[in-house]
Number of protein chains: 2
Amino acid sequence: MWQTFNFSKSKTHFLFNGKFNDAIKLVNKKDVVFITDENVFNAHQIKFKNQNCIVIKAGEAFKIQQTVDAIIDQLIEFKANRQTTLIGVGGGVVTDITGYVASIYMRGVAFGFIPTTILGLVDASIGGKNGIDVGVYKNMVGNINQPNFILHDYSLLQSLPIKEWQNGFAEIIKHACIKDAAMFNTLQQHDIDFFIKNKKATAQLIHANAAIKIKVVQKDEFEKGDRKLLNFGHTLGHALENQYELSHGEAISIGMTYACELSHQELGFKHTQQVVNTLAQYQLPTYASFNAKKAMKILQHDKKSEEDAVNYILLQKIGKGVIRKIEFAKLLDFLSK
Amino acid sequence: MWQTFNFSKSKTHFLFNGKFNDAIKLVNKKDVVFITDENVFNAHQIKFKNQNCIVIKAGEAFKIQQTVDAIIDQLIEFKANRQTTLIGVGGGVVTDITGYVASIYMRGVAFGFIPTTILGLVDASIGGKNGIDVGVYKNMVGNINQPNFILHDYSLLQSLPIKEWQNGFAEIIKHACIKDAAMFNTLQQHDIDFFIKNKKATAQLIHANAAIKIKVVQKDEFEKGDRKLLNFGHTLGHALENQYELSHGEAISIGMTYACELSHQELGFKHTQQVVNTLAQYQLPTYASFNAKKAMKILQHDKKSEEDAVNYILLQKIGKGVIRKIEFAKLLDFLSK
């Protein structure tokens with residue numbers, strides 16, 4: 001059953017545990033254009049049969065303006081107009097770019113998402129942040145605009161590679177760290193293999209994580225306060241991700257590790273080791289060697305940066321994220337240790 | 001004195017009859033980046049002294065994604081962040097592109113406009129439509145997002161070439177046709193030379209036209225109804241503009257002429273000749289030869305088009321625009337005559 005969640009200017013219909021074709025029932029079938037990537041298209045070709053479909057190259061490297069240009073050219077060829085609904089089927093790259101294109105094509109058309117990755121299901125598809133990268137700068141261009149619908153079809157996870165499970169669990173561990181100590185305990189008691197094998201537990205975990213994200217965004221859509229907490233691990237993570245060609249999960253896992261250490265230094269946080277162990281149970285990297293000065297240079301362009309400081313997300317305790325302004329000089333010092 | 005006008009989600013501060021530097025007083029001076037074009041920059045260099053300034057090539061041909069890409073690269077170089085205000089100084093191309101970049105850079109930063117053309121002052125800068133062209137398709141990509149402020153400094157008009165006066169009066173005549181019979185009478189009684197010479201009359205006329213546009217946009221920001229009337233002359237106009245490399249004013253002047261003829265055919269409108277004469281008094285083209293089939297092909301991609309018809313703006317009488325759905329087949333027939 002579709003559930004409706006209100007955001008400040010619009011609403012999004014969610015279908016948890018639905019089927020792919022429920023999306024087509026929701027919209028005017030002949031006015032749909034699907035946007036997906038090569039991996040998803042090849043794994044689920046039959047679902048796109050007889051549909052207008054734009055297939056982009058897979059991966060963060062293609063979350064760029066050239067891909068947007070190509071999609072727009074194809075939309076014009078398809079004679080897509082303001083009655084058209086764009087449906088993004090894929091991970092965070094596909095949904096970020098679909099939402100962005102939908103927000104600017106003809107000054108905005110309707111759009112919905114069918115996330116196909118754990119990361120997409122629990123995080124990237126939710127909250128209306130759309131956009132693309134510019135060089136090494138993640139999500140430098142974009143907007144905030146909520147999709148009309150998000151449909152969860154867990155059967156799509158069958159084709160998901162292990163790498164993508166790791167990626168998704170980075171965001172799940174993030175949610176637990178900043179908002180939900182009980183979920184953190186559950187995660188500690190299991191590991192990635194358990195969830196890959198146990199569909200029901202995974203479905204429950206995904207739903208619980210989507211609920212956390214929805215609630216945070218409903219309270220603070222335009223990231224004036226609480227939504228900033230979702231950037232836990234992302235400030236350093238984004239500075240490393242494109243520079244070292246890490247997956248998003250790997251990058252923010254390293255970012256969370258250092259954010260825990262910084263939380264220890266600044267707030268006396270005592271559970272870095274627990275977080276590090278849990279990340280490792282989900283096959284994620286933790287400590288890493290990187291060029292601190294180079295990372296700082298990118299970080300200073302982060303959207304959360306001000307003139308000489310950045311709003312950093314730290315942990316007071318497990319389940320309780322907080323925002324602290326950290327001066328660049330202090331941060332460089334910390335990262336150089 | 002600044003006046004504040006509310007739109008559905010935001011407000012815009014207007015300063016009619018202000019001075020360029022009043023804009024800098026309004027914002028945090030060190031966080032400003034000006035965006036202008038080569039013509040405006042060369043004519044008013046002293047105003048941009050010691051300011052962060054991005055200078056783009058002048059003209060509609062550069063209202064494209066490549067220009068957006070270049071501006072974003074320069075904003076990153078300037079370390080522009082979410083505290084930055086972008087100020088677009090120029091005609092419609094500069095303000096459309098400044099508003100668009102400001103709406104997507106870091107998912108949105110503040111922006112204001114200092115229009116330097118008649119068209120910018122009475123029309124393009126007002127109403128929050130931002131965006132760029134894609135090939136021959138005008139404003140195919142963009143969004144609706146209101147500027148924080150619009151400042152009128154009429155002294156900037158001193159450097160305005162005659163071509164730009166003609167351009168601007170096309171939109172002024174449009175406003176009179178759809179909304180203001182009294183203004184149409186005034187326009188009939190004068191010509192372009194009168195207004196070029198008479199600063200006070202021009203200032204009054206600009207203010208009256210800005211007021212018409214503001215009022216229409218306040219009532220219908222997202223163009224569900226009345227705002228559509230502002231497209232009078234624009235449907236055919238846009239189909240001709242980039243294809244025949246016309247100025248915007250020339251294109252919509254031809255568009256208005258044919259819209260009057262179509263109004264005669266569809267609604268018995270009787271004053272085509274008066275409109276045509278008035279356009280001519282302001283040195284604008286009226287009847288033109290063009291390839292009707294080619295125009296129709298572009299027109300079918302117009303944002304106001306549906307599957308087999310387009311919402312066309314017609315005149316019931318001078319000062320009273322109306323919206324009528326015209327089938328493509330009928331329109332082709334009319335344009336082929």
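Refer to the structure printed above.
Residues numbered from 1 in each chain as written. Chains lettered and ligands numbered in written order. Predicted model: local features only at pLDDT ≥ 70, side-chain atom pairs only at ≥ 80, totals over all residues. Heavy atoms only, no water.

A. Structural context of unusual backbone geometry. Phi is positive for N17(A), close to 60°, though the residue is something other than glycine. Given the relative accessible area of 56%, N17(A) is considered exposed. (Buried < 20%, exposed > 50% of the residue type's maximum accessible area, 1.4 Å probe, protein only.)

B. View of the sheet that holds strand β1 (residues 3-6) of chain B. Residue and element names in this part refer to chain B. As summarised here, the arrangement of the 7 strands in space is β1-β2-β9-β6-β5-β3-β4, forming an open sheet in which the pairing is mixed. A single partner strand is all that each edge strand has here, and the edge strands are β1 and β4 (52-56). Taking each pair of neighbouring strands and ignoring which way they run, the sheet shows an average axis angle of 20°. Of the pairings in the sheet, the one linking strand β6 (residues 110-115) to strand β9 (residues 149-151) comprises 2 bridges and is parallel in character. (Pairing = 2+ DSSP bridges. Helix = DSSP H or I, 4+ residues; strand = E, 2+ residues; numbered from the N terminus. Axes fitted to C-alpha atoms, helices over the stretch in contact; angles between N-to-C directions.)

C. Region of the structure containing the relation of the copies chain A and chain B. Under the fitted operation, chain A is carried onto chain B by 0.0 Å of movement along the axis and a turn of 180°, and the coordinates agree to an RMSD of 0.0 Å. A rotation of that kind, with that shift, is consistent with a two-fold axis. The fraction of interface residues of chain A whose copies in chain B are also interface residues reaches 100%, indicating that both copies meet through the same surface. (Least-squares fit on C-alpha atoms with pLDDT ≥ 70 in both. Contact = heavy atoms within 4.5 Å.)

D. Quick look at the side chain of H238(B). All names here are of chain B. With respect to the secondary-structure elements, H238 resides in helix α10 (residues 234-241). For H238, a relative accessible area of 11% translates into the label buried. Those residues in contact with H238, other than ones at most four positions away along the chain, are V136, K138, N139 and H248.

E. Representation of the environment of Y258(B). All names here are of chain B. Among the structural elements, Y258 can be located in helix α11 (residues 248-267). Remark: the alpha-carbon pair of Y258 and T272, spanning 14 residues in sequence, is separated by 8.9 Å. Y258 has contacts with L236, T286, Y287, A288, F290 and F334, leaving out every residue within four places of it along the chain.

F. The arrangement of the interface of chain A and chain B in detail. Contacts between chain A and chain B engage 34 residues on the former and 34 residues on the latter. In total, chain A and chain B occlude about 2,900 Å² of area from one another, counting both sides; carbon and sulfur atoms represent 57% of this. Three residues stand out in chain A for area buried against chain B, namely I76(A), R107(A) and K303(A), and they jointly supply 24% of the buried area on that side. Seen at the junction of chain A and chain B, the total is 2 salt bridges. Salt-bridge contacts for E307(A) lead to K30(B); the nearest nitrogen and oxygen are separated by 2.9 Å. Secondary-structure elements contributing two or more residues to the side of chain A that touches chain B are α3 (65-77), α4 (92-104), β7 (129-134) and β8 (137-144) of chain A. It is β8(A) that contributes the most residues to the side of chain A that touches chain B, 7 residues altogether. (Buried area = accessible area lost by both parts, 1.4 Å probe. Salt bridge = Lys/Arg side-chain N within 4 Å of Asp/Glu carboxyl O.)

Note that every value here comes from positions in space, so none of it alone points to a role or purpose.
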